[in-house]
Amino acid sequence: MTLSAILLAFAAFLGLVMELYKKSLRRDRANDNEIKLVALACSAILGYVTFRIVVGTGVDGGLNNTPYLVVLYTVAIYLLQLPACMAFWKPLVKKFMERKVDE
């Protein structure tokens with residue numbers, strides 16, 4: 001339960017970061033491969049952080065603490081951030097950017 005909450009929180013955070021990256025830093029000029037590469041790199045960083053949290057606190061739920069879990073966490077965060085970005089953060093950031101342009 002706690003592990004899934006950590007993964008979902010990191011995925012939601014990464015979804016926000018990626019949407020801000022696309023809209024603020026790159027101003028919609030980033031191509032699909034660049035976006036996927038940045039999302040994968042950030043997922044790998046957050047996957048490693050998740051691994052360190054799980055190993056340090058023991059909330060693994062009976063999983064063996066192997067470094068291969070970093071790959072599993074990376075893939076899970078990457079896949080979970082896609083719907084978080086598209087369904088939740090994209091409309092909010094788009095509305096914020098439109099309001100910012102109107103001012």
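Residues numbered from 1 in each chain as written. Predicted model: local features only at pLDDT ≥ 70, side-chain atom pairs only at ≥ 80, totals over all residues. Heavy atoms only, no water.

1. As for the overall build of the chain
In step 1: Secondary structure summary: the chain contains three helices and zero strands in total.
In step 2: Excluding contacts between residues fewer than 6 apart, the proportion of contacts in the chain whose partners are at least 24 apart in sequence is 74%.
In step 3: Carbon and sulfur atoms make up 67% of the accessible area of the chain, which totals about 6900 Å². (Helix = DSSP H or I, 4+ residues; strand = E, 2+ residues; numbered from the N terminus. Contact = heavy atoms within 4.5 Å. Areas by Shrake-Rupley, 256 points an atom, 1.4 Å probe, with all protein chains shown as cover.)

2. Comments concerning the nonpolar core
In step 1: The biggest cluster of nonpolar side chains holds 18 residues, and the ones touching the most others in it are Met18, Tyr73 and Ile77.
In step 2: Listed by contribution, the elements that provide at least two residues to this core are helix H1 (2-25), helix H2 (32-57) and helix H3 (68-102).
In step 3: If you tally residues by element for this core, the top one is H1, at seven residues.
In step 4: Each residue touching Ile77, except ones within four places of it in the same chain, is listed here: Leu7, Phe10, Ala11, Leu14, Ser43, Leu46, Gly47 and Thr50. (Core = buried A, V, L, I, M, F, W, Y, C linked by side-chain atoms within 4.5 Å. Buried < 20%, exposed > 50% of the residue type's maximum accessible area, 1.4 Å probe, protein only.)

3. Section: the environment of Ala41
In step 1: Among the structural elements, Ala41 can be located in helix H2.
In step 2: Between the C-alpha atoms of Ala41 and Thr74, which are 33 residues apart in sequence, the distance is 8.9 Å.

By themselves, these observations are geometric and do not establish any function.
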